[in-house]
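# Per-entry structural report
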Amino acid sequence: MSLTRRGKEAEWLEQLKPGLRQLESDALNAESPTELLNDYLTPISSFFVRNNGVLPAISLGDADSWTLSVDGEVRNPCSWTVAELRTKFENVSVTAVLECAGNGRSAFSPPTQGLQWGHGAVGCARWIGVRLRDLLEFAGLKDSAVYTGHFSPDVKTDGSGESAISRGLPITKALAPETLVAFAMNDAPLPILHGGPLRIVAPGYPGSAWQKWLTRIWVRDREHDGEKMTGIEYRLPAVPISPTQSFDDIELRVITDMPINSIITTPKDNFVAECGSEIEIGGFAWSGHVPVSSVTFSADGFRTSQPLKLEPSSEPFAWRRFAGRVRPKQRGLLTLATRAADVEGRSQPLEPVLWNPGGYCNNMVTGISGMVT
Ligand SMILES: Nc1nc2c(c(=O)[nH]1)N[C@H]1C(S)=C(S)[C@@H](COP(=O)(O)O)O[C@H]1N2
Ligand SMILES: [Mo]
């Protein structure tokens, strides 16, 4: 029996990433159960995968001949092989969280369009590459340069042959020192599933801006309008709207920052604990560009809460580990939840976040549950 394209992708994923939960979709998408996210650097075998289209037929053996070009609003259009990028430009590493803007979408009510992610479309890795800034400066930006547009060979699953996604960055973010064209992840060559040979790393931005299988950067004199840059895709209403309202005439803005969020990774969801004995609580808090300031913990739906110890941050775009303990004194169902805050005073909401048509940026407090026996 021959497997369908999607069936082959599913088998490949099961081999490379056992334990991930595949979502129902024509493209290969899979999220991490919370207990697989218990490391500061998420192992590649546990890292979520998000594809808008068909996986391109690339093998890492192609890495040396893979080329990246820069054109548009530059004085010297350029192109380099991966080997040239590595040797001609300074190699830098950035530890950063990669989170899909749709992470947590399944909690929106009423439900929105888009993949129904739980809370596992997030991970933190060490990315190594060259600064996008160095490439753009080499090519010589014209004064008219305001945005980048990124291109890759992956196509939609509908057979149209159209590009699956072509996103970009405002020029200020493209020139920021943390923004990379990366070729390695956790010290391994960037895996194909994560965009190898080359991908954009845009710390603080939603995952959609981290273009995989990068072949071309088109420097633009206006906001990039490539596939999935317009309409409700990865954009939020400029003013609050209700789910019953038509959003045809609503102003929408590209998401450029991810909100404060946190996840409990130990104990695991559906844990069993003994009444009166201590449970160790651990997990991570992160945000886009605004640093995390604190994390509180509650075992009673935030009627009461206590602060958790937060490990110091060494890398501004990485997540921060928290730790604490609880000793349940009652038998029955127990829900453990964390609520993180950022230095600008924003906390994860206790109530559902503002509904938006694409179902993005849900950072409402959630928890994990288990049984105390
Ligand atoms: N070429 C390409 N790049 C892409 C995508 C894609 O479908 N194609 N998906 C984007 C989205 S929406 C996310 S969340 C991240 C996911 O990265 P990962 O699959 O490495 O976890 O890649 C982004 N880059
Ligand atoms: Mo995403």
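### Thoughts on empty space enclosed by the protein
Applying the stated rule across the entire model yields four cavities of 30 Å³ or more. Taken as a whole, the largest cavity encloses approximately 250 Å³ of empty space. Along the wall of the largest cavity there are 20 residues; nearest its centre are Arg-50, Arg-199, Gly-207, Trp-210 and Lys-212. Grouping the amino acids of the lining of the largest cavity by side-chain chemistry returns 10 nonpolar, six polar and four charged.

### Considerations on the domain arrangement of the protein
Considered domain by domain, the protein is made up of domain 1 (6–254) and domain 2 (261–372). Taken together, the contact between domain 1 and domain 2 spans 43 residues of the former and 28 residues of the latter. In terms of surface lost to domain 2, no three residues of domain 1 exceed Thr-34, Tyr-40 and Phe-108, which account for 20% of the buried area on that side. On the surface where domain 1 and domain 2 come into contact, there are zero salt bridges. Summed over the shared surface of domain 1 and domain 2, the result is 16 residue pairs in polar contact (both at pLDDT 80 or more).

### Quick notes on the packing of aromatic side chains
Per the counting criterion, the structure on display carries 11 aromatic pairs. Ring centres 5.7 Å apart and planes at 20° place the aromatic pair Phe-47 and Phe-48 in the stacked group. Like Phe-47, the residue Phe-48 is buried in the burial classification. Ring plane angle 70° and centroid distance 6.0 Å describe the contact between Trp-80 and Phe-138, whose orientation is recorded as edge-to-face. In this pair, Trp-80 is assigned in strand β4 (residues 78–81) and Phe-138 in helix α3 (residues 132–139), connecting sequence segments 58 residues apart.

### So, the state of the cysteines
The full count for this structure, using the stated rule, is zero disulfides. The closest cysteine sulfur to the non-disulfide-bonded Cys-124 is located on Cys-100, 16 Å from its own sulfur. Cys-361 forms no disulfide, and the closest cysteine sulfur to it belongs to Cys-100, at a distance of 9.6 Å.

### Remarks on the pattern of salt bridges
Counted under the stated rule, the structure contains 17 salt bridges. Among the salt bridges present, the one from Asp-221 reaches Arg-222, with a minimum N-O distance of 2.9 Å. You can call Arg-222 partly exposed: its relative accessible area is 49%. Taking the shortest distance from any N to any O, the salt bridge between Glu-278 and Arg-327 comes out at 3.4 Å. Remark: Arg-327 occurs in the loop between β21 (320–326) and β22 (332–342) and Glu-278 occurs in the loop between β16 (271–273) and β17 (279–286); sequence separation between them is 49 residues. What emerges from the salt-bridge pattern is a single network uniting Glu-278, Glu-280, Arg-325 and Arg-327.

### Looking at the sheet that holds β21
The strands making up a sheet associate through backbone hydrogen bonding, with each pair oriented either parallel or antiparallel. Spatially, β15-β17-β21-β20 is the arrangement adopted by the four strands of the open sheet, whose pairing is antiparallel. At either margin of the open sheet sits one strand with a lone partner, and together these are β15 (261–266) and β20 (309–310).

### Quick look at the layout of surface pockets
Of the volumes computed, that of the largest pocket is approximately 610 Å³. Forming the boundary of the largest pocket are 29 residues, of which Leu-236, Ile-255, Asp-257, Pro-259 and Cys-361 lie nearest the centre. Mapped onto the lining of the largest pocket, the elements with two or more residues apiece are β13 (235–237) and β14 (252–254). Within the lining of the largest pocket, the residues separate by chemical class into 18 nonpolar, seven polar and four charged. A domain-level breakdown of the lining of the largest pocket finds at least three residues from each of domain 1 (6–254) and domain 2 (261–372). Volume-wise, the second largest pocket comes out at about 310 Å³. The wall of the second largest pocket is formed by 19 residues, among which Arg-50, Asn-52, Gly-114, Leu-115 and Lys-228 lie closest to the centre.

### Overview of the site of ligand 1
Neighbouring residues of ligand 1: 20 residues in total, closest Asn-52, Asp-154, His-194, Arg-199 and Lys-212. Here Phe-48 contributes a backbone N or O atom positioned 2.8 Å from an oxygen atom of ligand 1. Interatomic distance of 2.7 Å between a backbone N/O atom of Asn-52 and an oxygen atom of ligand 1. Across the shell around ligand 1, the residue classes break down as nine nonpolar, seven polar and four charged.

Thresholds applied
Residues numbered from 1 in each chain as written. Chains lettered and ligands numbered in written order. Predicted model: local features only at pLDDT ≥ 70, side-chain atom pairs only at ≥ 80, totals over all residues. Heavy atoms only, no water. 1 Å grid on protein atoms, 1.4 Å probe; cavity = no way out; pocket = protein on both sides within 12 Å on 5 of 7 lines; lining within 4 Å. Points joined across faces, edges and corners; volume = space filled by probe spheres on them. Nonpolar A, V, L, I, M, F, W, Y, C, P; charged D, E, K, R; others polar. Domains from an automatic or database assignment. Contact = heavy atoms within 4.5 Å. Buried area = accessible area lost by both parts, 1.4 Å probe. Salt bridge = Lys/Arg side-chain N within 4 Å of Asp/Glu carboxyl O. Polar contact = N/O pair within 3.5 Å; in protein donor to acceptor, adjacent residues only side chain to side chain. Phe/Tyr/Trp six-rings, centres within 6.5 Å; stacked < 30°, edge-to-face > 60°. Buried < 20%, exposed > 50% of the residue type's maximum accessible area, 1.4 Å probe, protein only. Helix = DSSP H or I, 4+ residues; strand = E, 2+ residues; numbered from the N terminus. Disulfide = S-S within 2.5 Å. Pairing = 2+ DSSP bridges. Near = heavy atom within 4 Å.

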